[in-house]
Amino acid sequence: MTSPNPKLAVLVKGWPRLSETFIAQELVALQEAGHHFDIWSLRHPTDTKRHPLHDRFQGKVHYLPEYLHDEPERLIHARAYARRLPGYARAYDIWRKDLRRDLSHNRIRRFGQACVLATELPDDTRALYAHFMHTPSSVARYAAIMRDIPWSFSAHAKDIWTSPDWEKREKLHSSTYGATFGATCTAIGAQHLRALADDPARIDLIYHGLDLSRFPDAPRKAIRRSTDPFHMLSVGRLVEKKGFDRLLEAFALLPEDLNWRWTHIGGGTLADALQQQADVLGLSERITWKGACDQPEVIADMRQSDLFVLPSRIAADGDRDGLPNVLMEAASQLLPILSTPVSAIPEFIENGTHGMLSEDQPKALAKAITDLAATPEMTTAMAQAAHERLLAEFRMGPGIARLSTRLHALYCGGV
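Presented here is an overview of the structure given in this document. (Residues numbered from 1 in each chain as written. Predicted model: local features only at pLDDT ≥ 70, side-chain atom pairs only at ≥ 80, totals over all residues. Heavy atoms only, no water.)

The number of helices and strands found in the chain is 15 helices and 13 strands. Against the 2.2 N^0.38 benchmark of 22 Å for 415 residues, the chain shows a C-alpha radius of gyration of 22 Å, consistent with a compact globule. Once the C-alpha set of the chain is aligned to its principal axes, its extents read approximately 75 × 40 × 40 Å. The buried share among the 415 residues of the chain stands at 57%. Considering only intrachain contacts with a sequence separation of at least 6, the fraction spanning at least 24 residues in the chain is 75%. Carbon and sulfur atoms make up 50% of the accessible area of the chain, which totals about 17700 Å². Computing the positive centroid from 50 side-chain charges and the negative centroid from 51, the chain places the two 5 Å apart. (Helix = DSSP H or I, 4+ residues; strand = E, 2+ residues; numbered from the N terminus. Rg over C-alpha atoms; globule rule 2.2 N^0.38 Å. Buried < 20%, exposed > 50% of the residue type's maximum accessible area, 1.4 Å probe, protein only. Contact = heavy atoms within 4.5 Å. Areas by Shrake-Rupley, 256 points an atom, 1.4 Å probe, with all protein chains shown as cover. Lys, Arg positive; Asp, Glu negative; His and termini not counted. Charge placed at Lys NZ, Arg CZ, Asp CG, Glu CD.)

Per the counting criterion, the structure on display carries 3 cavities of 30 Å³ or more. Approximately 110 Å³ is the volume attributed to the largest cavity. Lining the largest cavity are 15 residues, with Glu26, Ile206, Tyr207, His208 and Leu403 positioned closest to its centre. Among the elements of the structure, helix H1 (21-32), strand S6 (181-184) and helix H15 (397-412) are those that each provide at least two residues to the lining of the largest cavity. When its volume is computed, the second largest cavity comes out at roughly 40 Å³. Lining the second largest cavity are Val12, Gly14, Trp15, Pro16, Arg17, Glu20, Ile23, Ala24 and His54. Taken together, the residues of the lining of the second largest cavity break down into 5 nonpolar, 2 polar and 2 charged. (1 Å grid on protein atoms, 1.4 Å probe; cavity = no way out; pocket = protein on both sides within 12 Å on 5 of 7 lines; lining within 4 Å. Points joined across faces, edges and corners; volume = space filled by probe spheres on them. Nonpolar A, V, L, I, M, F, W, Y, C, P; charged D, E, K, R; others polar.)

Below, the discussion takes up the nonpolar core. Counting 55 residues, the largest nonpolar core has Met232, Phe251, Trp260, Trp262, Phe308, Phe348 and Ile369 as the members making the most contacts within it. Leu128, Met146, Trp151 and Ala179 belong to the second largest nonpolar core, which has 43 residues in total. (Core = buried A, V, L, I, M, F, W, Y, C linked by side-chain atoms within 4.5 Å.)

As a further point, take the pairing of strand S10 (residues 287-291). Relative to S10, strand S9 (residues 260-265) runs parallel, the two sharing 4 bridges. Note that in S10 the partner of isoleucine 265 across the bridge is glycine 291. Regarding the hand of the β-α-β motif, the stretch spanning S9, helix H10 (residues 271-280) and S10 is right-handed. (Pairing = 2+ DSSP bridges. Right-handed = clockwise from strand over helix to strand, strands pointing away.)

Here we have 7 strands laid out as an open sheet, ordered S3-S2-S1-S4-S5-S6-S7, and parallel in their pairing. Two strands lie at the open edges of the sheet, namely strand S3 (61-63) and strand S7 (203-205), each paired on one side alone. Each adjacent strand pair in this sheet contributes to an overall mean axis angle of 25 degrees, direction not counted. For S6 and S7, the ladder comprises 3 bridges, and the chain directions are parallel. Within S7, the residue paired with alanine 183 across the bridge is aspartate 204. (Axes fitted to C-alpha atoms, helices over the stretch in contact; angles between N-to-C directions.)

Moving on, we come to the pairing of S6. Going residue by residue along S6, you find Phe181 and Ala183 tucked away on one face and Gly182 and Thr184 tucked away on the opposite face as well. Here 4 bridges tie strand S5 (residues 151-155) to S6, and the two strands are oriented parallel to one another. Its bridge partner being in S6, phenylalanine 153 is matched across the sheet by glycine 182. In this view, the connection linking S6 to its parallel neighbour S7 by way of helix H8 (residues 187-196) has right-handed handedness.

A few words on the pattern of salt bridges. Tallied over the full model, the rule gives 27 salt bridges. We note a salt bridge from aspartate 55 to arginine 50, for which the minimum N-O separation is 2.9 Å. Aspartate 360 is the partner of arginine 246 in a salt bridge, and the nearest nitrogen-oxygen pair spans 3.5 Å. Of this pair, arginine 246 sits in helix H9 (residues 244-251) while aspartate 360 sits in the loop between strand S13 (356-357) and helix H13 (362-374), and the two are 114 residues apart along the sequence. Ionic contacts of the salt-bridge type, sharing partners, join the residues Asp98, Arg101, Asp102, Arg107, Arg110, Arg141, Glu167, Glu170 and Lys171 into one network. (Salt bridge = Lys/Arg side-chain N within 4 Å of Asp/Glu carboxyl O.)

If you want it as structure tokens, here you go:
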């Protein structure tokens, strides 16, 4: 159970979120490691389902004003109280400097949320920890300066690659009231952030890994015959960086004699456009769009599929995946993997050893799918290798131990 007066507060963009099981996994594990904290969320939940993992969180969840105009009295009270805090003037000056470089409603909202957070945090709060380096870390930084307490963050993918360098740099320098430390879940992300920091040691590479206790043992399946139906599965939000538009184009190029089916799990802003694209390409009869699903449903589909496909690519705005946990989830169920060499995916999947990494273009994806469908012995061997690597190098435990040490030092006054 959470302490009545936790010394740590954790800030997230939204809670609970189906697409962010890696955050729920980490926070539950930190509680089980002895940390006491509540969650402060910038947004209310929009998913109609939740994972069983979310129900294991034992703290309180507080929701900051999602839009400032929705709770004017709360905001007015918070601003009046915040003005009396020791670091308010400093935080206000820093925010005004940020606002001149990012004149947006989002930036204004961040400061209002920070005032509420700084006002409503328990007096015993000694440190803040934010998930994502962009908006949540901005709110945490302003509030921490107001309260004169240290803060830290965990950076992932979009927040690293779509945030301006000036903002990341200032969040990584002590002279600009940056984070005491930052964790990130990929080597490529760590390299980028260390180059911006005043001290590279400020950044820790901490892979999320997988809590294997949440997953059943991998199923024992006979090797599929090359003439059997070929069932493919993808799990991911329907957004540009996931590359599902190009995957649909790849499906249209598959040989006519390949009896394939594809199931997609996840929601997203491109759902209607992608379903329409499938209709135009004449693929709809082979496709099942399941929408958002909870973890048990995802695992059940993984155990029944022949290939996991994640055709990630870099979006026009620079957004990209980090190291999607769903790849490790597929490996846990001995499901062969086809993905792309984007961002940190090669940190887990070595092409031809633990799975296949294709160019993120339709012709290349179609060829990879065709080759994998025709060589079930090879795909089985790669799935076994990915499973072995998961067990050897990507368990959750070591990362949680390192993060636990850093957080304990943060709110107990260590270095």
